Amino acid sequence: MAQQDDDGPFPEHRTTTVEQGRFCVARCTCGWRGPARRARSLARTDAENHSEGVLGRGAL
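Residues numbered from 1 in each chain as written. Predicted model: local features only at pLDDT ≥ 70, side-chain atom pairs only at ≥ 80, totals over all residues. Heavy atoms only, no water.

## Regarding the overall build of the protein chain
1) Next: The number of helices and strands found in the protein chain is one helix and two strands.
2) Next: Counting from the amino terminus, the protein chain carries its helices and strands in the arrangement β-β-α.
3) Next: A sequence separation of at least 24 residues applies to 20% of the contacts in the protein chain between residues at least 6 apart. (Helix = DSSP H or I, 4+ residues; strand = E, 2+ residues; numbered from the N terminus. Contact = heavy atoms within 4.5 Å.)

## Looking at the state of the cysteines
1) Next: For the structure shown, the criterion picks out zero disulfides.
2) Next: Cysteine Cys28 remains unbridged, with the sulfur of Cys30 as its closest cysteine sulfur at 3.6 Å.
3) Next: Owing to a relative accessible area of 9%, Cys28 belongs among the buried residues under this scheme. (Disulfide = S-S within 2.5 Å. Buried < 20%, exposed > 50% of the residue type's maximum accessible area, 1.4 Å probe, protein only.)

## Description of the environment of Arg40
1) Next: Inspection of the secondary structure puts Arg40 in helix 1 (residues 40–57).
2) Next: Residues Arg40 and Thr17, 23 residues apart in the sequence, show an inter-C-alpha distance of 7.9 Å.
3) Next: Beyond its immediate stretch of four places on either side in the chain, Arg40 contacts Glu19 and Cys24.

## A look at the environment of Arg27
1) Next: Along the chain, the position of Arg27 falls in strand 2 (residues 23–28).
2) Next: Between the C-alpha atoms of Arg27 and Asp46, which are 19 residues apart in sequence, the distance is 9.0 Å.
3) Next: Beyond its immediate stretch of four places on either side in the chain, Arg27 contacts Arg14, Thr15, Thr16, Val18, Gln20, Trp32 and Arg33.

Below, the structure is given as structure tokens:
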């Protein structure tokens, strides 16, 4: 797995997925949390969409 740069424009936005029982949740270091999903792939998509939305908006 490739290591992410810490020097990026938004280092505070790092997304992960977390297993919670039968569900998987996308989370970000900014405090954002996606909906609980049964499919890991959907949780990963939620995380990607959040990251892309943050980068598309510019500085917060």
